Amino acid sequence: MTITIYHNPKCGTSRNTLALIRNTGVEPAVIEYLITPPSRDKLLELITAMGIPVRGLLRQKGTPYEELKLDDSKWTDDELINFMLTHPILIDRPIVVSPMGTKLCRPSELVLDILPLPQLGEFVKEDGEKVIELIDNEVRRVQAK
């Protein structure tokens, strides 16, 4: 079983997602997409697999999004892809590919929907939010409040 994460180690959400994958006992293929960006074909494949519009993968915070005026509707999907390939920081993260699907995992616990194996133990995100708890020797997902 192969699970791949397009990861930015400087991103807390990405680190939490990676840790949730590892909490199943699986070591995923980790692609640091800022160092090794996806090809045009791979980026289009990921967007299609996620079932989101191209704009749905654009990251605004901490990127040249505003500087490039990417909020302007004049940009075609192909042009937006070109911007993401030129500036990989514009690609939102983390993206996880598993046998159960492909998903942009923001927030990180969305990865639980596509992990084929259960969590092995409790899990608390870096910010202290409990995501997985152990109750009566059973591992359970904490319900969002």
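Presented here is a report on the structure given in the accompanying data block. Worth saying up front: this structure is predicted, and the values here are computed from it rather than measured. (Residues numbered from 1 in each chain as written. Predicted model: local features only at pLDDT ≥ 70, side-chain atom pairs only at ≥ 80, totals over all residues. Heavy atoms only, no water.)

You can see T36 is positioned in the loop between strand 2 (29–32) and helix 2 (40–50). Among the residues examined, T36 registers a relative accessible area of 48% and is labelled partly exposed. Through-space distance from the C-alpha of T36 to that of P88 is 9.1 Å; in sequence the pair is 52 residues apart. (Helix = DSSP H or I, 4+ residues; strand = E, 2+ residues; numbered from the N terminus. Buried < 20%, exposed > 50% of the residue type's maximum accessible area, 1.4 Å probe, protein only.)

In terms of nonpolar packing, the biggest core is built from 20 residues, with L57, L70, M84 and I95 touching the most fellow members. Elements with a contribution of two residues or more to this core: helix 2 and helix 3 (77–86). Setting aside residues up to four positions removed in sequence, M84 forms contacts with L43, V54, L57, L58, L90 and I91. Of all hydrophobic cores here, the second largest spans 15 residues; its members include L20, V26, C105 and L112. (Core = buried A, V, L, I, M, F, W, Y, C linked by side-chain atoms within 4.5 Å. Contact = heavy atoms within 4.5 Å.)

On to helix 2. Within helix 2, the full set of buried residues consists of L43, L46, I47 and M50. Buried residues in helix 2, looked at end-on, bunch into an arc of 95 degrees, giving them a common side. Among the exposed residues of helix 2, those pointing more than 90 degrees away from its buried face are D41 and T48. Among the structural elements, strand 1 (4–7), helix 3, strand 3 (95–98) and strand 4 (101–104) are those in contact with the buried residues of helix 2. Looking one or two residues past helix 2, G51 carries a phi angle of roughly 70 degrees, positive in sign. (Arc of directions from axis to C-beta.)

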